[in-house]
Amino acid sequence: MKKFSCIAVDDSPIQLTLLKNYIQKTPELELTATFANPIEAYQFLQKNNVDILLLDIDMPEISGIDLLKMLKKQPATILITSKTEFALQAFELDAVDYIVKPPEYPRFLKAIQKATHLLEAEIKSNGSTSNHSEIFVKVAGKLIRLQLDEILFIEALSDYVIIHTEEKRQHVVYATMKYFEEKLSNYGQFKRIHRSYIVNMQKVKSIDENQNVVIGEKTLPIGNTYREEFLKSLNKL
């Protein structure tokens, strides 16, 4: 059985002891460290990769919400708190689950299973066969599989992106364009052409007289920053 590394962050010694006990009795988890101070946890996460983060919200100096916002790379995060009013923020920050203290072990285990299923899906996506035919994305709390050949383009929408597919479906994902640009960087057919658009080069129909990209039924602008690199890539197809 694959083990996933995790850390627990909570200013309550009693809560940390409880979480340590829960982690030790969960076969798929391996405890890397515990922290009573969120600043120390942040410094650790800057230097170390962790699969799962068990995180309190209401802590001194910085809150769990603030810590998440500071992280460049966020582990699969389970927020554990005595307060219920942060549920919306938890969703907006892409937390895997939100548990109200004191958590009972069955509820803790359910959250861990959600996190490990997500991580396993990401591993499968990143380790797929040489044609890299699919990715997994989180839509409305569920992981869905998308064939790369189905994707026409990706569009920025504030804190979300919209994935447009050939079936005229639109998948709204809570993520940034930078996240998808990095996620798709290993797939040569995807190029960013504008701060608001990433396109599947294999789906480009034409470049019109104004040097806009025609893809599907849409005409998309090419940003000056991306124009030269895009045209070079186009010539290599």
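It should be emphasised that the depicted structure is a prediction, and the values quoted were computed from it without experimental measurement.

Turning our attention to the overall build of the chain. Secondary structure summary: the chain contains seven helices and 15 strands in total. Each principal axis of the C-alpha atoms in the chain carries an extent, and together these give about 65 × 35 × 30 Å. Counting all 237 residues of the chain, 46% fall into the buried class. Restricting the contact set of the chain to residue pairs at least 6 apart, pairs at least 24 apart contribute 49%. Looking at the chain as shown, the accessible area adds up to about 13100 Å², and 47% of this sits on carbon and sulfur atoms. On the chain, the mean spot of the 30 positive side-chain charges and the mean spot of the 31 negative ones are 3 Å from each other.

What follows concerns the sheet that holds strand β10 (residues 170-173). Reading across from one edge, β10-β9-β8-β12-β11 is the order of the five strands in this open sheet, with antiparallel pairing throughout. A single partner strand is all that each edge strand has here, and the edge strands are β10 and β11 (190-194). With direction set aside, neighbouring strand axes in the sheet form an average angle of 20°. Two strands pair when backbone bridges link them, and β11 and strand β12 (residues 197-200) are joined in this way by four bridges, in the antiparallel orientation. Among the inter-strand pairings, R192 is bridged to a residue of β12, identified as I198.

Here we take up the layout of surface pockets. Roughly 1600 Å³ of internal volume is contained in the largest pocket. For the largest pocket, the lining is made up of 42 residues, of which K72, K73, Q74, D94 and Y179 are closest to its centre. For the lining of the largest pocket, the secondary-structure elements that each account for two or more residues are α2 (38-47), α3 (64-70), β4 (76-81), α5 (105-126), β6 (134-139) and α6 (177-183).

Next up on the list: the pairing of strand β13 (residues 204-207). Two faces belong to every sheet, and in a regular strand the side chains alternate between them. Sheet topology note: the β13/strand β14 (residues 213-215) ladder contains three bridges and is antiparallel. Residue pairing for β14: S206 is matched across the bridge by V214. As consecutive antiparallel partners, β13 and β14 are separated by five residues, and within that stretch Q211 has a phi angle of approximately 60°, a positive value.

Right, let's talk about the sheet that holds strand β15 (residues 218-220) for a bit. Taken in spatial order, the three strands line up as β13-β14-β15 in an open sheet, and their pairing is antiparallel. Of all the strands in the sheet, just β13 and β15 have a single pairing partner and so form its edges. Direction aside, neighbouring strands of the sheet carry axes that sit 25° apart on average.

In this section: the side chain of D56. One can find D56 in the loop between β3 (52-55) and α3. Beyond its immediate chain neighbours, meaning those up to four positions away, D56 contacts V9, D10, D11, G64, I80, T81 and K101.

Conventions we followed
- Residues numbered from 1 in each chain as written.
- Predicted model: local features only at pLDDT ≥ 70, side-chain atom pairs only at ≥ 80, totals over all residues.
- Heavy atoms only, no water.
- Helix = DSSP H or I, 4+ residues; strand = E, 2+ residues; numbered from the N terminus.
- Buried < 20%, exposed > 50% of the residue type's maximum accessible area, 1.4 Å probe, protein only.
- Contact = heavy atoms within 4.5 Å.
- Areas by Shrake-Rupley, 256 points an atom, 1.4 Å probe, with all protein chains shown as cover.
- Lys, Arg positive; Asp, Glu negative; His and termini not counted.
- Charge placed at Lys NZ, Arg CZ, Asp CG, Glu CD.
- Pairing = 2+ DSSP bridges.
- Axes fitted to C-alpha atoms, helices over the stretch in contact; angles between N-to-C directions.
- 1 Å grid on protein atoms, 1.4 Å probe; cavity = no way out; pocket = protein on both sides within 12 Å on 5 of 7 lines; lining within 4 Å.
- Points joined across faces, edges and corners; volume = space filled by probe spheres on them.

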